[in-house]
Amino acid sequence: IETKIFNNSTVASKAVALEIADLIRVKQAQKQPCILGLATGSSPKGLYAELVRLHKEEGLSFKNVITFNLDEYYPMEPDSINSYVRFMKEQLFNHVDILPENYNIPDGTLSKDEIAEYCAGYEAKIEAYGGLDLQILGIGGNGHIGFNESGSLQNSKTRLVALDHITRVAASNDFLGLSNTPRTAITLGVKKIMEAKRVILFAWGEGKSNIIREAVEGQVTNRVPASFLQEHNNATFILDKEASSKLT
Ligand code: F6R
């Protein structure tokens, strides 16, 4: 894993936004779609803000951009205050010229018996585009990527998962208490993340420093799914000073 350490998350996010803008423009010049894997949570907010700025102030167009989000809570209505559909619209999609038919977020409204087929279709759609050009990730305190919690296999598929207690506690403020916090989610599997041509993982703050050390310098283990990225040939961890502080 390559690690890049920045003074703060704002400058780091701007640097990654420039890389993504370059990729979008290269694909535009080639008349190709640009296939992006996106994350929610606090870590990529600065990236999305900078992409919105590049659209509004520097003419970056998202007309050729196709996106696939990593995950969604299950069950979840798209217009609910805590849905990842709502998050993505508010942070990015409503402020750029992406076509509504070009963004994909796992559907939290399915009935249980529809999920397996839906997940296979989500992966098939990514494959039909030739795979993800770039996957954006955050990292959970337990080392999860997407909602691939501890114990997820390196070849895991897109599926319904049970959320770890630590993940639910981290989300419980948004849901006004643990008892209202979903117990399950649909997540892109580790396999599709590993197949992305490029992976960028963000981590900010002292609170992430221990898990960053484990993911970067520890054993490759399904206990820490982010450690699988040690075996990816084009993965970069973008860190602020605090998140990098435990690296040797
Ligand atoms: C979100 C996701 C999660 C988060 C992770 C870190 O789509 O897949 O893996 O990236 O929980 O969350 P934050 O960025 O809020 O610390």
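Residues numbered from 1 in each chain as written. Predicted model: local features only at pLDDT ≥ 70, side-chain atom pairs only at ≥ 80, totals over all residues.

(A) Broad picture of unusual backbone geometry. P75 follows Y74 through a cis peptide bond whose omega is -10 degrees. Position of P75 among the secondary structure elements: in the loop between β4 (71-74) and α3 (84-91). Positive phi values are uncommon outside glycine, yet K31 reaches one of about 55 degrees. Look at K31 and you get exposed, because 7 C-beta atoms sit within 10 Å. The backbone phi angle of L176 is positive, close to 55 degrees, even though this residue is not glycine. The topology assignment puts L176 in the loop between α5 (165-171) and β8 (184-187). Judged by local crowding, L176 falls into the exposed class, with 11 C-beta atoms found within 10 Å. (Helix = DSSP H or I, 4+ residues; strand = E, 2+ residues; numbered from the N terminus. Buried ≥ 20, exposed ≤ 12 C-beta atoms within 10 Å, placed from the backbone.)

(B) Seen up close, the sheet that holds β8. If you walk across this open sheet you meet the three strands as β4-β8-β7, and the pairing is antiparallel. Where the open sheet ends on each side, the last strands, each with one partner, are β4 and β7 (159-162). Between one strand axis and the next, the sheet turns through 30 degrees on average, direction left out of account. Here β7 pairs with β8 via four bridges, running antiparallel. (Pairing = 2+ DSSP bridges. Axes fitted to C-alpha atoms, helices over the stretch in contact; angles between N-to-C directions.)

(C) Quick look at the environment of V161. Along the chain, V161 falls in strand β7. For the pair V161 and R223, spaced 62 residues apart in sequence, the C-alpha to C-alpha distance is 15 Å. The residues touching V161, leaving out its near neighbours within four places in the chain, are F147, E149, T184, A185 and T187. (Contact = placed C-beta atoms within 7 Å.)

(D) Highlighting the site of the ligand. In the region of the ligand, 14 residues are neighbours, and T40, G41, S42, S43 and G138 sit closest. Of the residues belonging to the shell around the ligand, the class tally is five nonpolar, eight polar and one charged. (Near = placed C-beta within 6 Å. Nonpolar A, V, L, I, M, F, W, Y, C, P; charged D, E, K, R; others polar.)

(E) Focus on the pairing of β8. Direction of pairing for β4 relative to β8: antiparallel, over a ladder of four bridges. Looking at β8, one finds that E72 is bridged to I186.

(F) Structural detail: the UniProt feature "domain: Glucosamine/galactosamine-6-phosphate isomerase" (unreviewed entry) in the chain. Here, the residues flagged by UniProt with the feature "domain: Glucosamine/galactosamine-6-phosphate isomerase" (unreviewed entry) are residues 11-236. Taken end to end, residues 11-236 is 34% helix and 15% strand, and its two terminal C-alpha atoms sit 16 Å from one another. (UniProt positions renumbered as here; feature names shortened; annotations may be inferred.)

(G) Spotlight on the pairing of strand β3 (residues 65-69). Most of β3 sits out of view: five of its five residues are buried. Assessed by its sense of winding, the connection that carries the chain from strand β2 (residues 34-38) through helix α2 (residues 45-58) to β3 is right-handed. As defined by bridge partners, β3 adjoins strand β5 (residues 103-104) across two bridges and the pair is classed as parallel. When the bridges of β5 are listed, T67 appears paired with Y103. (Right-handed = clockwise from strand over helix to strand, strands pointing away.)

(H) Highlighting the environment of T184. Among the structural elements, T184 can be located in strand β8. On the neighbour-count criterion, T184 (17 C-beta atoms within 10 Å) is partly exposed. Sequence-wise, T184 and L163 are 21 residues apart; in three dimensions their C-alpha atoms are separated by 5.3 Å. In this structure, T184 is in contact with Y74, L160, V161, A162 and L163, ignoring residues within four places of it in sequence.

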